[in-house]
Amino acid sequence: MLETTIAAIRPADETAMAAARELHGRLTKPAGSLGALEDLSVRLAGLAGACPPPLPEPAAVAIFAGDHGVHAQGVSPWPQEVTAQMIGNFLAGGAVVNAFARQAGASVTVVDVGVATPLSAGPVPDPAVLDATAPAPAVLDPAVPRLVGASVRRGTRDLAVTAALTRDEALAAVQTGIRIADELIDAGARILLTGDMGIGNTTPAAALIAAFTGVDALDATGRGTGVDDPTYAHKVGVVRAALARHAPDPTDPLGVLAAVGGLEHAALAGLILGAAARRTPVLLDGVIAVSAALAAAAFAPDAVGAMVAGHRSAEPGATVALRHLGLEPLVDLGLRLGEGTGALLALPVVTGAVRVLHEVATFDSAGVAEK
């Protein structure tokens, strides 16, 4: 599945991009007056191979959830059980991501790709939804969050001690992300939004960012949920030691994910690759998403053409990763929540950029004089 997905990813369509630039020049506005929105709409035309590109609606948020063995190193003050408890909150519609998704009319799919706490014994309203063989939805329902059980293992191993995953486990998670992308697009989604949940997941994200970009652990590591100075220094040390122990090779993205990644990171990389293969945009959320995007780009450099940076996370590694990918975030609000919240806030910007090409009159059609 991974090989065929990568093989389906193609460069942007230059003819469609040229047509979008030419159309922008004929719309009733000064040339270039929409700034980055014009560049975005041109990129999306190149991705779709059409001008104008399809409107990015309906939107679907995919929240991949997993736990991390490195939590045992004391890198987060939050108990690991919060991952499962927050899944219950997502399904009940009570999280920030749910509020923002309702505002945007986006569906929410939660994927258990590696939660340590058995969900059937805790926060899940109906254990039957954990059946991984359940059929994919025929249509997306923004009113009802959906849970998919696709656990590869109950949390990763401790990356400070050993490889977080085997290559087969990392591959299984990547392929889960590809499958979810296909399911959501087949159900009608025209843009996918990345979401994540996993206590301690900013530690593997920092390790991934350092591994793929070559920066020092200090530059890739942030405070996550807001750790104090001693915990932050310890976290940087954990990341630095893990990189020294495993020496991950950035030209081997599956190996990097296995050595220092998380199951949700690997699945998000798969989601991005799956969307790119289907020429569907992916709106990236915060530091977890952009660390996964680095892996996706290492698998298939042309996958960057499907990526839209939703926001600039307050985590320093996010800026490092975006710079490496050559992406400029649409909004910068100092967010560091995750879940998909920043991507959802940026969604109207993406929609507006495309809607201009669909709905704004040209000088000729409107009878407006050009300069």
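This text goes with the structure placed above it.
Now for a look at the structure at hand. Bear in mind the structure is a predicted one, so any value in this text is a computation, not a measurement.

### A short note on helix α9 (residues 229-246)
Argument step 1. If you check α9, its first and last C-alpha atoms are 26 Å apart, about what 18 residues at 1.5 Å a residue would give, namely 26 Å.
Argument step 2. Considered for burial, the residues of α9 that qualify are Tyr 232, Lys 235, Val 236, Val 238, Val 239, Ala 242, Leu 243 and His 246. For α9, the arc enclosing every buried residue in end-on projection is 155°, short of the 170-degree limit, so these residues lie on one face. Summarising the geometry of α9, the exposed residues directed more than 90 degrees from the buried face are Asp 229, Pro 230, Ala 244 and Arg 245.
Argument step 3. Residues of α9 that are buried in the fold lie against α7 (202-213), α8 (217-220) and α10 (253-260).

### Brief notes about the pattern of salt bridges
It is possible for side chains bearing opposite charge to pair when their charged atoms get close.
Argument step 1. Under the counting rule described, the total for this entry stands at 15 salt bridges.
Argument step 2. Glu 38 is the partner of Lys 29 in a salt bridge, and the nearest nitrogen-oxygen pair spans 2.8 Å. In terms of burial, Lys 29 and Glu 38 fall into one category: buried.
Argument step 3. Here Arg 312 and Asp 332 are joined by a salt bridge, their closest N and O atoms 3.4 Å apart. Residue Arg 312 is found in the loop between β6 (307-309) and α13 (316-325), and its partner Asp 332 is found in the loop between α13 and α14 (341-359); the two are separated by 20 residues along the sequence.

### Quick notes on the packing of α10 against helix α12 (residues 287-299)
Argument step 1. Packing of α10 against α12 brings their axes to within 9 Å, and their N-to-C directions diverge by 150°. Relative to α12, the element α10 is oriented roughly antiparallel. Judged by residue contacts, Pro 253, Leu 254 and Leu 257 of α10 engage Ala 295, Ala 298 and Phe 299 from α12.
Argument step 2. Tallied by class, residues from the contact of α10 with α12 come to six nonpolar, no polar and no charged.

### Thoughts on the sheet that holds strand β5 (residues 282-284)
Argument step 1. Within the open sheet, the six strands sit side by side as β3-β2-β1-β4-β5-β6. Their pairing is parallel. On the outer flanks of this sheet lie β3 (146-149) and β6, each paired with one strand and no other. Within this sheet the neighbouring strands show an average axis-to-axis angle of 25°, counted without direction.
Argument step 2. Pairing geometry for β5 and β6, over three bridges, is parallel. Bridge pairing links Val 282 to Met 307 in β6.
Argument step 3. Across the sheet, helix α4 (residues 82-92) is in contact with β1 (59-66), β2 (107-114), β3 and β4 (191-197); its angle to β4 comes to roughly 140°.

### Describing the pairing of β4
Argument step 1. Burial within β4 is extensive, with seven of its seven residues counted as buried.
Argument step 2. With seven bridges connecting them, β1 and β4 associate as parallel partners. When the sheet's bridge partners are listed, Ala 60 is paired in β4 with Leu 192.

### A closer look at the packing of aromatic side chains
Argument step 1. In the structure shown here, the tally under the stated rule is zero aromatic pairs.
Argument step 2. Over the ring of Tyr 232 we find Arg 223; its NZ or CZ atom is 4.7 Å from the centre of that ring.

### Things to note about α13
Argument step 1. Residues of α13 that are buried include every one of Gly 317, Ala 318, Val 320, Ala 321, Leu 322 and Leu 325, and no others.
Argument step 2. For α13, the secondary structure elements touched by its buried residues are α7, α8, α12 and β6.
Argument step 3. Within two residues after α13, Gly 326 carries a phi angle of roughly 75°, on the positive side.

Conventions used here
Residues numbered from 1 in each chain as written. Predicted model: local features only at pLDDT ≥ 70, side-chain atom pairs only at ≥ 80, totals over all residues. Heavy atoms only, no water. Helix = DSSP H or I, 4+ residues; strand = E, 2+ residues; numbered from the N terminus. Expected span 1.5 Å × (residues − 1). Buried < 20%, exposed > 50% of the residue type's maximum accessible area, 1.4 Å probe, protein only. Arc of directions from axis to C-beta. Contact = heavy atoms within 4.5 Å. Salt bridge = Lys/Arg side-chain N within 4 Å of Asp/Glu carboxyl O. Axes fitted to C-alpha atoms, helices over the stretch in contact; angles between N-to-C directions. Parallel < 35°, antiparallel > 145°, perpendicular 65-115°, else oblique. Nonpolar A, V, L, I, M, F, W, Y, C, P; charged D, E, K, R; others polar. Pairing = 2+ DSSP bridges. Phe/Tyr/Trp six-rings, centres within 6.5 Å; stacked < 30°, edge-to-face > 60°. Lys NZ or Arg CZ within 6 Å of the ring centre and 35° of its normal.

Purely geometric numbers; function is a separate question.
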